[in-house]
Amino acid sequence: MSLDSFSTALLEGKSPNFPPEANSLEFAKSLDAQDDLRHMREKFNIPTKGSLRRKTLKPAPTDTTSPDDDEPSIYFVGNSLGAQPKAVRIHLEAHLDTWASLGVNGHFTSFADSPLASWQDMADDCATQYVPLVGAASKTEIAVMNTLTTNLHLMLTSFYRPTAERHKIIIEWKPFPTDRVRTRSPPPTPSLPTNRGPNGQHYLSTASILATLTANATSTALVLLPGIQYYTGQLLDIPTITAHARSLGIPYVGWDLAHAVGNVPLSLHDWDVDFAVWCSYKYLNAGPGAMAGCFVHERHHRWDKERLEGWYGAALGVFEVVEGGVGALRRKGVVMTGWLVWLLDGLVEGRGGGKVFEIITPRDPRERGQQLSLLFREGVLEGVAERLVARGVVFDVRKPDVMRVAPAPMYCTFEDVWRFVQILGGALEGV
Ligand SMILES: Cc1ncc(COP(=O)(O)O)c(C=O)c1O
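Residues numbered from 1 in each chain as written. Predicted model: local features only at pLDDT ≥ 70, side-chain atom pairs only at ≥ 80, totals over all residues. Heavy atoms only, no water.

An unreviewed UniProt entry lists the chain under the name Kynureninase, with Schizothecium vesticola as the source organism. Quoted verbatim from the Sequence similarities (unreviewed entry) field of UniProt, the annotation for the chain is "Belongs to the kynureninase family." (UniProt positions renumbered as here; feature names shortened; annotations may be inferred.)

> Just to check I follow, could you spell out the pairing of strand E8 (residues 220-226) for this structure?
For a regular strand, side-chain orientation follows a simple rule: the groups alternate between the two sheet faces. Among the seven residues of E8, seven are classified as buried, and the element is accordingly described as predominantly covered. In this structure, strand E5 (residues 168-170) lies alongside E8, joined through three bridges in parallel fashion. The partner of Ile-169 across the bridge, within E8, is Leu-222. Note: E8 against strand E9 (residues 252-256), five bridges, orientation parallel. When the bridges of E9 are listed, Pro-226 appears paired with Asp-256. Taken together, E8, helix H8 (residues 238-247) and E9 constitute a β-α-β crossover, and its handedness is right-handed. (Buried < 20%, exposed > 50% of the residue type's maximum accessible area, 1.4 Å probe, protein only. Helix = DSSP H or I, 4+ residues; strand = E, 2+ residues; numbered from the N terminus. Pairing = 2+ DSSP bridges. Right-handed = clockwise from strand over helix to strand, strands pointing away.)

> Before we go on, may I ask you to explain the site of the ligand in this structure?
In the region of the ligand, the neighbouring residues are Thr-147, Leu-148, Thr-149, Phe-176, Thr-178, Asp-179, Asp-256, Ala-258, His-259, Tyr-281 and Lys-282. A distance of 2.7 Å separates a nitrogen atom of the ligand from a polar atom in the side chain of Asp-256. Between the ligand and His-259 there is a distance of 2.7 Å, counted from an oxygen atom to a side-chain nitrogen or oxygen. Split by residue class, the shell around the ligand holds four nonpolar, four polar and three charged. (Near = heavy atom within 4 Å. Polar contact = N/O pair within 3.5 Å; in protein donor to acceptor, adjacent residues only side chain to side chain. Nonpolar A, V, L, I, M, F, W, Y, C, P; charged D, E, K, R; others polar.)

> Help me out: how do you make sense of the confidence of the model for the chain in this one?
Should pLDDT be low for a region, the predicted coordinates there are not to be read in detail. Residues at a pLDDT of 70 or more form 91% of the chain, whose mean pLDDT is 90. Here residues 310-314 is a poorly scored stretch, pLDDT under 50, and it has 15 contacts once near neighbours within four places are set aside; other chains count. (pLDDT = per-residue confidence, 0-100. Contact = heavy atoms within 4.5 Å.)

> Could you clarify how one ought to interpret the packing of helix H2 (residues 25-34) against helix H12 (residues 414-427) in this entry?
Think of two packed helices as two axes; the pair is described by the angle between the axes and how far apart they sit. Where H2 contacts H12, the two axes come as close as 7 Å, and the packing angle between them is 160°. It follows that H2 is roughly antiparallel to H12 by the angle criterion. Crossing of H2 against H12: the hand is right-handed. Contacts between H2 and H12 pair Leu-25, Ala-28, Lys-29, Leu-31 and Asp-32 from the former with Phe-414, Glu-415, Trp-418 and Arg-419 from the latter. Taken together, the residues that form the contact of H2 with H12 break down as five nonpolar, no polar and four charged. (Axes fitted to C-alpha atoms, helices over the stretch in contact; angles between N-to-C directions. Parallel < 35°, antiparallel > 145°, perpendicular 65-115°, else oblique. Left-handed = near helix turned anticlockwise from the far one by under 90°.)

> How do you make sense of the UniProt feature "binding site: pyridoxal 5'-phosphate" (unreviewed entry) in the chain when you look at a structure like this?
Mapped onto this numbering, the UniProt entry gives "binding site: pyridoxal 5'-phosphate" (unreviewed entry) at Leu-148, Thr-149, Asp-256, His-259, Tyr-281 and Trp-311. Turning to its location among the elements, Leu-148 is positioned in helix H6 (residues 148-159). In contact with Leu-148, other than residues within four places in its own chain, are Asp-179, Asp-256, Ala-258, Val-277, Trp-278, Cys-279 and Ala-292. The residue Asp-256 is located in strand E9 in this model. The exposure class assigned to Asp-256 is buried, which follows from its relative accessible area of 8%. If near-sequence neighbours (up to four positions away) are discounted, Asp-256 is found in contact with Leu-148, Asp-179, Leu-224, Leu-225, Pro-226, Gly-227 and Val-277.

> Explanation requested: the packing of helix H1 (residues 3-11) against helix H10 (residues 325-345) in the structure shown.
Here H1 crosses H10 at 85°, and the two axes come no closer than 9 Å. In terms of orientation, H1 lies roughly perpendicular with respect to H10. Here Leu-3, Asp-4, Phe-6, Ser-7, Thr-8, Leu-10 and Leu-11 of H1 lie close against H10, whose contacting residues are Arg-330, Arg-331, Val-334, Val-335 and Gly-338. Broken down by class, the residue content of the contact of H1 with H10 amounts to six nonpolar, three polar and three charged.

> What is the right way to look at the UniProt feature "modified residue: N6-(pyridoxal phosphate)lysine" (unreviewed entry) in the chain in this model?
Using the residue numbers shown here, the UniProt feature "modified residue: N6-(pyridoxal phosphate)lysine" (unreviewed entry) corresponds to Lys-282. Within the secondary structure, Lys-282 sits in the loop between strand E10 (275-278) and strand E11 (293-296). Accessibility expressed as a relative area gives 9% for Lys-282, which makes it buried. Not counting the four nearest positions on each side in its chain, Lys-282 is found in contact with Gly-78, Asn-79, Ser-80, Leu-81, Gly-82, Ala-258 and His-259.

In structure tokens:
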């Protein structure tokens, strides 16, 4: 019953065979006790039940208090906005102090006791930290700048080179809204590599994607797909799809890694990806508005065609202290979601008979990251969500019927998983 053996089984796509006693708080505690990453949680500010209820920045004397004010929430929105690393405040203060004390000289010097590089080295420093996170060959394949959407526009400006014969951009049927980037004429002709799942969700089978690429091989100028699909949480087979496109002579393959970076191991260089873009506020915990990143394979660095360039960066220090990096997070994370699926399976049937919700994320742990998407029976989610919020659970909803939960292994515990399932079970009473 070791965390390690569950992890190994799940990563091999085998059943972890959770024993009957896995349905207990003791089991959660035994997994937490085996977790080598458990010290990471202390490095984060997890919103408390009290702070989530507060209406002012600092507690006001007129606030009513509750006995559970100091209890941490169950923060399951790594897919949306990661929790705040405590180091961020220290880094921001160092940044402001440097600016106040050195002014423009902060570009070239950094204080001996500062956690920050001088500003002119910051982009490089940050790109270096990204190398293992995205599997780049070196920092020169990475630029830290802008937002994901802006970077995507920049990438398409460089990589989308339509000709009369090759002009299609293959994207998923229902991409994240801002991924539907408008390009110069002639307009792209998106193809639709999706299978409809049993409840109308958009499930992208690798076979159907490969078939779409093959069918459009001579007319496609560019493929743009999500590493992890934002709605279902499905992890796509990036190396297989990229290699297939390459073998067909499709010129460029790019990936939106908003939900994949910091969540699953990536080897963009070895997978021969042309370009990728990502944001840093989800599983990388860099904060709202933090700079995004992009990857351009080194084979494109000697480029004689028109392209756009940029610079600058922010810090990713917490990943440096995770021994084993994203691989270690993945080993823990796959058990968190594997066990969560196992526990949720026990809640699927409502009191009145019939399914109350369905997990629309792939069942095979190798085809998902930390996010599970729960599609509720029509009309159920709103009331359930209200009850969860009242009990201090933080998650997100894609209206009308999908709840997304993502326990980030960096700072969530198995006990959080257990408590979440108990609270959800209570919220479903009578449904
Ligand atoms: C899959 C995906 N792509 C793109 C974006 C947009 O990113 P931004 O608004 O930071 O540019 C998001 C944001 O959540 C996303 O989930």
